[in-house]
Amino acid sequence: MTRAWIEIAATLAMALVVAVAIVPWLTALLPTERPLHGLLGRVAGAIERRLLGAAGAWPARGMRPGEYAASLVVLHAVGFVVLLGVLRLQGLLPWNPQGLPAVPWGIAVNTVVSFVTNTNWQSYAGETTLSPFSQVFGLTVQNFIAPAMGIATMFVVARGFVLSGSGTVGNCWQDVVRAAVMLLLPLAVLLSALLVREGAAQTLGALSGPAGGPVASQTAIALVGSNGGGYFNANSAHPLATPTPLANALQIAFMLALPIAACLAFGRWIADRRQGRAILLANALLFLPPLALLVTAETAPNRALPAGIAQGHDADHDGGSLEGKEARFGTGASALFVAAATATSTGAVDAMHDSLSPLGGFVALWFISLGEVVFGGVGTGLAGLVAYALLAVFVAGLMVGRSPEYLGKRIEAREMKLAMLALLVPPVTTLLGTAVAAVRPAMAAAAPNPGPHGFSELLYAFASAANNNGSAFAGLDAASLSWTLGLAAAMAAGRMATIVCLVLLGGSLAAKRPVAVSSGTLPTHGPLFILMLAGAVVLVGALAFLPALALGPLAEALEGPLGGTR
Amino acid sequence: MNAAPDRSRGQAGVRAGSAAIAAALPGALRKLDPRRMIRSPVMFTVEVGAVALTALAILHTSGATEGESAAFVAAVAAGLWATVLFATFAESLAEGRGRAQADAMRSMRRDTPAKRLAGASRAAATEEVPSTALRGGDHVLVEAGDVVPGDGEVVDGVASVDESAITGESAPVIRESGGDRNTVTGGTRLLSDWLVVRITADPGASFLDRMIGLIEGAKRQKTPNEIALDILLAGLTLVFLVVTATLLPFSIHATTSAGRGEPIGLAVLAALFVCLAPTTIGGLLPAIGIAGIDRMVRANVLATSGRAVEAAGDVDVLLLDKTGTITLGNRQAAAFLPAPGVTEGELAEAAQLASLADETPEGRSIVVLAKERHALRGSEIETLGATFVPFTAQTRMSGVDLDGRSIRKGARDAIVKHVERLGGRVDDETIATCETVARGGSTPLVVADRARVLGVVELKDVVKGGITERFAELRSMGIRTVMITGDNPLTAAAIAAEAGVDDFLAEATPEAKLAMIRRYQSEGHLVAMTGDGTNDAPALAQADVAVAMNSGTQAAKEAGNMVDLDSDPTKLLEIVRVGKQLLMTRGSLTTFSLANDIAKYFVILPAAFGGIYPQLARLDLLRLHSPTTAVLAAVAFNALVIVGLVPMAMKGVSYRPRPAADLLRSNLLVWGLGGLLLPFPCIKLIDLLLASMGVP
């Protein structure tokens, strides 16, 4: 038990160290009007010029918010067409040692939308459906571009506070290149190397059976870019992807590192580091208590098992609720992986979520339902939390008798509209999708379990899709056309609403001139505001999902004695 | 701040309470019209629900449909109607409070006969016409005893006017052509003399008409903050609509897979929706806005729009005229500083003699000070047989000649010249005294008898009592105070330091004022100022909150966005308070409304789903009597809390100036935590009541 907590603390500390190391570089990437400094900066600048020059987009000029948002939408659309082509033409394309045929339409559309929207919901098994070509030149390309678009969104929101009276919000192509090539790529290379050192597979040879393939590199970008799509169906639970407990800890640390670094970089961008720390603390406040609940629930014995079966912890064995968990990681580290992968929108798994204790499943569903803002997806998580901050500051600002403002920018009707849309489309999509699935017998039958657990499986699928998480309560058989297309629609709706609204929100803020700060201004770096920001996230999440959660994990958890039963 | 007059008015309001409630009822019913209701998306949705449930109850009663008992559906429908009605009632009540005032004003607007002149002179021919026939540009003659027929500018004459009908101030005021006291307001009465007035407003567009329209809420437009809040509330309402609507399929799925229980009923869904939707703030929002304008009117300030009232809460720089706001209107003699070889009594006596016939406030204060300090009784100048030498622009001195003495007092330069012309010399010590006095922010007045300098009288600007504390309060709220004065920088600095303002503008010209406002605005500040003169108009137009004095010129009033009927420059502080209170009331009620929801979930969810999953009864923290009473109690609480908060919406949340962080902490504690906890005991109480009434 104690060992589990120590492991968790050490892993989180590692995440923080990696994050702090990234912060200066991430900070330098935002002001695109200034060339990057230092040797590294000059090299990066040259790469940027070449890449953008080759695409005819150099010199990069500032885009108006609408143009920027449209560019992102177009980039999604192009990704959709190209990736769909790759999957449908798989049989004709090279590097297909198993001679796998074209991916069926339903699965293909679902998979393409899933990887373009940074969701990585996988309604297929990687090793038996996709050729190495499709994995490397199809999915992995999207695993860089999709999170890069999320980071670009965050850049625009940050510029909302950095710029004043500006009609433009930066250049979309330049931002995406910077995020993908200068941020995600080096981090992915670093993590790949570390995973290979731990023994993860990384081969270019023929792939037959579970022998090899470019596993480490695929896994690394899946985690660094909060994608989550695994090379194998078993995702990070597979021994070739995560061979050791340290590899498991590294993956967790890299999932959390970039979202943590983003909070601190935000403070540096706006030249007020306290604000960045406040956002990080709000994240911690939202993350740690549910994590504790999850770990407690998973490390406790499974009461569904008959008495007399030893489930305790000893020197050689990690006890607790072991169903669906890898013995080499143990229950504590598995629980932390679950929390990190659901709180960030990664959705990778090293344990089967369907087998989590009811309270454990509740926490996983809770993190996803909050809209992937607790650390959240790279870029989109911070941008979403800023939208929540606008909500919190609006009410708090009125309460101190001033027109609401955040970081010097006044919050008016337009900002409110965009923030509300960005934050409310995912929950509404989740609820509507689940409602349809619940009453269509063919869809409802996909959930193999009766009662509340079956309902949790339906709810989890739509929550995961609409919030672009991608993990699953894996019992669900979501390969039917109504499921693949339904979830694809949910993924697209959630992603588009979030990205477009947040970019426009950033643009709207960038056009404003700052308001002067005085002691009448609501301080947004103190404990009170941190509490309010976390409170706003919890309140909106609770109000939207409490009834649904009551019929799912809560009903399950309250059945019989409280605690780890299923 | 200045809460005393407000309180007395508040008590009068309570006495008139029952009558006001009766008067508000018809208005409350009229506001149920869906075409008006749609302005508030929250309450509109609730009204639609109420109509639908009523129809359902009728169908149930007639046996056309089955499901929940007809009585239960009807009871929930009644709860929804009550919620809507209480909200419209609150708005109607808020409007009613202003209506009495508006009626009083309308009676003044009654037709008064006017003497229209053929030209802009008293000598021109007059014709008797009703005041409604007057148009802008017409000239009228108003004589003692006449009622001024319309708003206008005095082009000729001087008269004393009783403006109590507008301002409530009974002392008559002087109105004259030219200068800054040349406007008259329709409905006021001339007490003496005569005026030729050029009418400036067409009928229906006068100051009085605007005021009536505003008080009655007829011209009320949503303010920017209200619109943003409406979007927040509409968004939440939409989410709650989806949350409740999807519960029907969810519960169908649950009953099928659990094999027991009933899907959630429509009435319970409607009940859950009305409990979740932010009805408390949604219902009280219009009332809060109207009450804010009403509180301004009660402070005798007329705002041209709700937007202006709201902006008052945001102001963080106040430009305050020194005279009348920071200091008492006039300089007062504070000390006699004799020259070498002269006693203080001698100087006081001479200064008093020189001031006996001086009717300026400064002169009078010298007489008073001499009397207080040296028991010198001033006697009538005629009985002394003295000759008064009045102040002229050429000599820049005044004084008195008697018994061979020739006493003069005046500014240092003037006396130095005077003495030197008579062959004398002002000693160095007196010069030094003058400089010391000036550095201290006072004005030195030198007194001489022929060529002999007697000493210096210190004329001091007296800073108003308590003003320093007020500025400190404002500073704690993050509001900078800037003193505007025509004094030289030295004097201005001294007074600024004594009064405790943050900044000052010395030797202020209208251009300098305008530049200063622009500078603050470019730094992101919102600036408020008061003004009365025509030369204030550009600065007033530039300021975010511009309060024109009612005694001021028409140009100033047009340029400002508020008019202070009392013409009291310190009113700015009161205006800021009303503005802040308005915003705080909205924020606090929104927090309260949302915090309430958590408790209602704990009441309704076990009641709705306990039949399907009995284990959910564990969420029923209150151990309520039955699902029926639980749902009804929640709906009843939701409706009653609107009524309970009406007085708060009218009065505004209590407020005293302090830093934003402190305000947030206390309001969050009261309205956030209070909102979280209050529903539990209240709903339990209503549940007990319903159970004791035999509700199953």
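Once a new chain begins, its residue numbering starts again from 1 and follows that chain's sequence as written. Just so you know, chain letters begin at A and ligand numbers begin at 1, following the order they were written in. Predicted model: local features are reported for residues with pLDDT of at least 70 only, side-chain atom pairs are reported and counted for 80 or more only, and whole-chain, interface and lining totals are derived from all residues. Each side-chain value is worked out from all heavy atoms of the structure, with water and hydrogens disregarded.

### What about the overall build of chain B?
The helix and strand inventory of chain B stands at 26 helices and 22 strands. Burial here depends on accessible area, computed with a 1.4 Å probe over protein chains only, as a share of the maximum for the residue type. Under 20% is buried, over 50% is exposed, and the range in between is partly exposed. When each of the 696 residues of chain B is scored for burial, the buried share is 54%. Only heavy atoms matter for contacts: two residues are in contact if any of them lie within 4.5 Å across the pair. For chain B, restricting intrachain contacts to residue pairs at least 6 apart in sequence, the fraction spanning at least 24 positions comes to 69%. A run of H or I in DSSP counts as a helix once it spans at least four residues, and a run of E counts as a strand once it spans at least two, with each numbered from the N terminus.

### Structural notes on helix 1 (residues 2-29) of chain A
Residues and elements named next belong to chain A. Expected span, for any helix, means 1.5 Å times one less than how many residues it has. Its 28 residues place the ends of helix 1 41 Å apart at the C-alpha level, agreeing with the 40 Å of an ideal helix rising 1.5 Å per residue. Working definition for bend: take the seven residues up to and ending at a residue and the seven starting at it, fit an axis to each, and measure the angle between the axes. Along its length, helix 1 shows its largest kink, about 40°, at valine 23, and proline proline 24 lies within four residues downstream of that point. Contacts from the buried residues of helix 1 go to helix 6 (132-162), helix 7 (172-198), helix 9 (245-269), helix 10 (273-299) and helix 11 (330-343).

### Focus: the interface of chain B and chain A
At the junction of the two partners, chain B supplies 59 residues and chain A supplies 57 residues. When two components associate, each loses some accessible surface as probed by a 1.4 Å sphere; the sum of these losses over both components is called the buried area. Summing the contributions of chain B and of chain A, the shared interface buries around 4900 Å²; its carbon and sulfur component is 77%. The partner of Arg402(A) in a salt bridge is Asp316(B), with the nearest N and O atoms 4.0 Å apart. In protein, a polar contact means a hydrogen-donor-capable atom and an acceptor-capable atom, both N or O and within 3.5 Å, with residues adjacent in sequence counting only if both atoms are side-chain atoms; elsewhere, any N or O pair within 3.5 Å suffices. Across the chain B-chain A interface, the total number found is 10 residue pairs in polar contact (both at pLDDT 80 or more). By definition here, a salt bridge exists when the distance from a side-chain nitrogen of Lys or Arg to a carboxyl oxygen of Asp or Glu is within 4 Å.

### Here we look at the sheet that holds strand 19 (residues 503-505) of chain B
All names here are of chain B. Strand order in this open sheet of seven strands is 10-22-21-20-11-18-19, and the pairing throughout is mixed. The sheet is open, and its two borders are formed by strand 10 (301-303) and strand 19, each paired with just one other strand. The average angle at which neighbouring strand axes cross in this sheet is 20°, direction not considered. At least two bridges found by DSSP between two strands is the condition for calling them paired. Angles run from 0 to 180 degrees between N-to-C directions of axes, and those axes are lines fitted to C-alpha atoms, restricted for helices to the stretch in contact.

### Observations concerning the layout of surface pockets
Put simply, the grid is 1 Å and covers the protein atoms alone, a cavity is a trapped set of points that fit a 1.4 Å probe, a pocket is an open set with protein on both sides within 12 Å along at least five of seven lines, and lining residues have an atom within 4 Å of a point. Grid points are joined across faces, edges and corners, and a volume is the space filled by probe spheres set on the points. Taken as a whole, the second largest pocket spans an internal volume of roughly 920 Å³. For the lining of the second largest pocket, the secondary structure elements donating two or more residues are helix 12 (358-369), helix 13 (380-399) and helix 18 (527-558) of chain A together with helix 8 (224-258), helix 23 (571-609) and helix 25 (660-677) of chain B. The greatest single-element share of the lining of the second largest pocket, amounting to 12 residues, is contributed by helix 18 of chain A. Classification convention: Asp, Glu, Lys, Arg as charged; Ala, Val, Leu, Ile, Met, Phe, Trp, Tyr, Cys, Pro as nonpolar; all other residues, Gly among them, as polar. Taken together, the residues of the lining of the second largest pocket break down into 31 nonpolar, three polar and one charged.

### Topic: unusual backbone geometry
With an omega dihedral of 0°, the bond running from Trp58(A) to Pro59(A) counts as a cis peptide bond. For Pro59(A), the position within the fold is in the loop between helix 2 (38-54) and helix 3 (65-88). With phi around 40°, Ser226(A) is a residue other than glycine that occupies positive phi space. Backbone geometry places Asn300(B), a non-glycine residue, at a positive phi of 65°. When you line up the elements, Asn300(B) lands in the loop between helix 10 (279-298) and strand 10.

### Looking at the sheet that holds strand 5 (residues 158-162) of chain B
In a beta sheet, neighbouring strands pair by backbone hydrogen bonds and run either parallel or antiparallel. Strand order in the open sheet formed by three strands is 6-5-8 (chain B), and the pairing between neighbours is antiparallel. Of all strands in the sheet, those bounded by a partner on one side alone are strand 6 (173-176) and strand 8 (189-190) of chain B.

### Here's the deal with the pattern of salt bridges
All names here are of chain A. Under the definition given, this model contains 38 salt bridges over all chains. Of the charged contacts, one joins arginine 328 and glutamate 326 as a salt bridge, the two residues approaching to 2.5 Å between their closest N and O atoms. Residue classification places arginine 328 among the partly exposed positions, given a relative accessible area of 26%. Glutamate 326 gets classed as partly exposed once you look at its relative accessible area, which sits at 26%.

### A look at the packing of aromatic side chains
Only rings of Phe, Tyr and Trp enter the pairing, Trp through its six-membered ring, and a pair is recorded when the two centres are within 6.5 Å. The plane angle decides the type: under 30 degrees is stacked, over 60 is edge-to-face, the rest tilted. Applying the stated criterion across every chain yields a total of 13 aromatic pairs over all chains. The interplanar angle of 35° and the centroid separation of 5.0 Å between the aromatic rings of Phe133(A) and Phe137(A) together place this pair among those described as tilted. Here Phe133(A) and its partner Phe137(A) are both found in helix 6, four residues apart, which amounts to about one turn of the helix. For Phe133(A), a relative accessible area of 17% corresponds to the buried category. Of the residues examined, Phe137(A) reaches a relative accessible area of 47% and is grouped as partly exposed. Judged by centre distance (5.9 Å) and plane angle (90°), the rings of Phe161(A) and Phe266(A) are edge-to-face. Separated by 105 residues along the polypeptide, Phe161(A) in helix 6 and Phe266(A) in helix 9 bring together distant segments of the chain. Per residue, the accessibility class of Phe161(A) equals that of Phe266(A), and both read buried. Geometrically, a charge over a ring is one whose NZ (Lys) or CZ (Arg) sits within 6 Å of the ring centre while staying within 35 degrees of the ring normal. The side chain of Arg519(B) reaches across the aromatic face of Tyr520(B), ending 5.3 Å from its centre.

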